[in-house]
Amino acid sequence: MTITRAKSLDSLYEECKEFDLVLVPDAPLASALNRRLDQPHFGPFAITPRRLAARRREQAEDRLAFLELIETTDLNWKETAYAVGNILQCWEHQGTAEAVLEYERFATPATNTAVECISEMDTTSTRLTNYSIDTDTSVAVVGFKQLTELERSILPPDYKTIDPFTEEPFDHPPFRILDSPAAIVDAVLDTVTPENADDVAVVLDAASQYSPLIESALESADIPYYGGPGFTDDGRHRAFLQLLRSAHAGRDTLVGDVRPLLTQLEIHIDIEHDEKRLFDLDRSEVDWLLEFREDIRSSTFEEALDAYEDVTDVTIDAFRDELATLGLLEEAVTEPAVDQLEFYLQSYEVPVDRENEGVLLADAKSAAHVGRTVVFYLGLDDGWTHSSPRRPWVDSDQEFERNIRQFQLLLQNGVDQYYLVEDTAGGSPVTPCLYFEELFDEAFDRFSDLDSLQHSRTFRPTEDGFKREPLGVAPEKVTELSQSSLNTYVNSPRDYFFSRIVDNPQKEHFKEGNLFHDFAEFYVSHPDVITTDGLDAVAATILEEVDPFLRGVDREVRLTKYRVGLQTIVEYLETNPPQGDGLTTPDSGWGENFFAEYYDRPIDASHTERWFENADLGVKGKIDLVHNPTELLDYKSGAKKSAYSIVKHSALDPPTDTPNFQALLYLAHQRTERPDEVLQFTFFHFLETLDEVVTGEGSLEDCLTTVTYYPITFKEYISSPAVFTQLQEDAANDCNKTFSKSTSDVYQAVLEEHEFPDTTDSDELIESEFGNALTQRLIADVGNYKYVKNGCRQALRHLLRIRNQNYFTEDIDAFEQFVREHRAELNDRRAGGERFPVQGLSGDPNYRYVDNRDCILEGGSR
């Protein structure tokens, strides 16, 4: 099976022009046929059944029925909407309003009441039920299978059906695959201008991301359009509704939750405050809003609307009229009343006046005919598939037939059709509309499996049509990368790019972490200022600073957490005070310290918060604590990671989906200071033992994870006598037993003759040439015993643990080369060599660690 070719409008007109009346399934097709009338015609010619019976434009009778019921009955709003939906749907499929009562499950008292009320209303369905076409009228029906039972009920005994399809296949245009929804919208705007807008239609899933994207793009380009935003899309309406909702949201409402409202009210609050509670925001700009939130609960909707219009200097008469229609204008703004209003606006489309000119935005699930010369189809994914009602009165096969016929007609509108699609989104294939499975004989999972063309992203010309001259200013080069920037760049270069230019809200955990770091730095310089009892006051001070981010119920728990974290830091620094002369660098010190200002004491320790910039390596960073000349320490408030995990997630080829190069980067810098020494980097997770400390237990050792750098190669290290001694004494039992009966010469011979494989998997190592050689050599030397074979496996795992939990010269060397290569790549992209791609070195980014999700469309590789 394939897409069946639709008849042209001229062909359809020729078939039906001799008839008195032509019934069609949708209004745009009727208009197109009427425009082809070549002689005067008395009365309607081409028309939909509903328009014929009602003699007026079709109205959203579900909304009208709902409004009638809530005014004349005692039914609550939700059961009213449920009953109305069932009645009208069953009426459409079975032909009478009372048909729904034949189904026991739906014949509820509420439905009986609703049927009685709706049957007496002057609705389109009522007129259609009572209407019949005069038997003397010659009638043609175009697309009979697309009409419902109610629409067919008006037909006379004799009529002719005209199939809108031919018997020929439709040679559809190729699917044009673009990188992202933004690229798809750009492709549309490459063609559309204000002059040709009336010739263009865009078909899309109205509930998809394409709808707001194309609307905003057309607005920015000053291109007129219609068929897009509805009543609830009006920014003023949304803001007023959010204002009503925020009044009942409580004291834990965040600034970010009401940012659209703040924007509408022209209240400018920096984005860094988005995750703070609005109630605790000490800014005069929000005083009116806070007062309004308090007063609104004792106001009527009309009073709230008056106040909103006064402060915004706008009028929203349409919203006022709708509140009056609902009977809410004089009602108090209670939370249940706001819930009702929100439910209504989410359930029904309030009619709005539109200018019918410009680009036509058509919903893919509405009419099948779009009367424009050029038609763009955006997405064509599974969102285009109709969800057939799961009701006993719906014939699912008939409904599917109706929908797939409409889909085929829709795809053939216009002279030129352009199918613009994505092949992947978020790393997963985009599923084409399910109707294609029925229409195409070939098997496919994604659009690239079908007849398709791959397109790179397009760029629209400037308003004057000319290319801009380059500014002639060389971009500033990145000379050093921090560990956080490198982690972000490896995960997603696009996220790195946006992190340079987009402000993000201050995060609660960053605020907490910075305060703990400031305390640790201050304590090293002034341990005498902080007494054990004084930690309670410090914890209370941290809580006060973080409080705007917290819910009220979190305060006591957080106070305990802060007290334990501070106690653990003090205990560690008392037990392990910094040693040596610390570290002095040209840029040492790191700005202000909260507790230094709080206690009015200077920070003068050379061990804490040491900032470095290593131009030779191209790296920079801040060392929390130089514990001694060869050991650096970093404070962490998050969950503890093992040495194995730290080394694993600093892998370079390929990186993991959670790259973290902090230890590698800091040790690389430290190696330039002490090139031939063993170096250590310790992560101090000072909240790791929180639960244990609360119950009177806990150990500092459980908070520490240390990774070690050895200034030799891994092969040199495991060839050392010390490692052979470990195999004899410190490894597992069978390993100790086996190697105690052998000699270092046997072990060294294997290392000299065979390369240790590049693997992190113990099974691969055991099955490798090196693993087999070691086992065979020990069997020959000690004996063919079961414990020898097991001891060799234990020895190989022991060696692999050394490899997987430490760094060696080849690791730091490879990292330095890695930084050089990707710093050059980054600067090339900054200079315009290519766009920063979404995908990182390991493929699609780990979106859990993407900071600028709103700026990145998933699946866009470019």
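All values reported here derive from a predicted model rather than from experimental measurement.

Please provide a residue-by-residue account of the overall build of the protein, values included.
Scanning the protein from terminus to terminus reveals 35 helices and 21 strands. Its C-alpha atoms give the protein a radius of gyration of 36 Å, more than 25% over the compact-globule value 29 Å for 862 residues. When the backbone C-alpha atoms are referred to their principal axes, the protein occupies close to 110 × 70 × 65 Å. When burial is assessed residue by residue, the protein has 49% of its 862 residues classed as buried. Of the contacts made within the protein by residues no fewer than 6 positions apart, 73% connect residues no fewer than 24 positions apart. In the structure as shown, the protein presents an accessible area of about 41,900 Å², 45% of it carried by carbon and sulfur atoms. Separation between the mean location of the 79 positive side-chain charges and that of the 162 negative ones in the protein comes to 3 Å.

Give a detailed account of the sheet that holds strand β3 (residues 46–47), specifying residues and quantitative values.
Strand order across the open sheet formed by four strands is β3-β2-β4-β5, with parallel pairing between neighbours. The open sheet is flanked by β3 and β5 (160–162), the only strands paired with a single partner. With three bridges joining them, strand β2 (residues 21–23) and strand β4 (residues 139–142) adopt parallel strand pairing. Each residue of the ladder has a partner; that of Leu23, found in β4, is Val141. Relative to the sheet, helix α1 (residues 9–16) contacts β2, β4 and β5, its axis offset from that of β5 by approximately 170 degrees.

Pulling in residues and values, what's your account of the sheet that holds strand β12 (residues 416–422)?
Taken in spatial order, the seven strands line up as β9-β10-β8-β11-β12-β7-β15 in an open sheet, and their pairing is parallel. The outermost strands of the open sheet, each flanked by one partner alone, are β9 (225–226) and β15 (452–454). Taken together, the two bridges between β9 and strand β10 (residues 359–363) define a ladder with parallel strand orientation. Its bridge partner being in β10, Tyr226 is matched across the sheet by Leu360.

An account of the side chain of Asp518 is requested, with residue identities and associated values reported.
Within the fold, Asp518 resides in helix α21 (residues 508–525). Here Asp518 is buried and forms no salt bridge, its nearest opposite-charge partner Lys622 lying at an N-O distance of 7.2 Å.

How each quantity is defined
Residues numbered from 1 in each chain as written. Predicted model: local features only at pLDDT ≥ 70, side-chain atom pairs only at ≥ 80, totals over all residues. Heavy atoms only, no water. Helix = DSSP H or I, 4+ residues; strand = E, 2+ residues; numbered from the N terminus. Rg over C-alpha atoms; globule rule 2.2 N^0.38 Å. Buried < 20%, exposed > 50% of the residue type's maximum accessible area, 1.4 Å probe, protein only. Contact = heavy atoms within 4.5 Å. Areas by Shrake-Rupley, 256 points an atom, 1.4 Å probe, with all protein chains shown as cover. Lys, Arg positive; Asp, Glu negative; His and termini not counted. Charge placed at Lys NZ, Arg CZ, Asp CG, Glu CD. Pairing = 2+ DSSP bridges. Axes fitted to C-alpha atoms, helices over the stretch in contact; angles between N-to-C directions. Salt bridge = Lys/Arg side-chain N within 4 Å of Asp/Glu carboxyl O.

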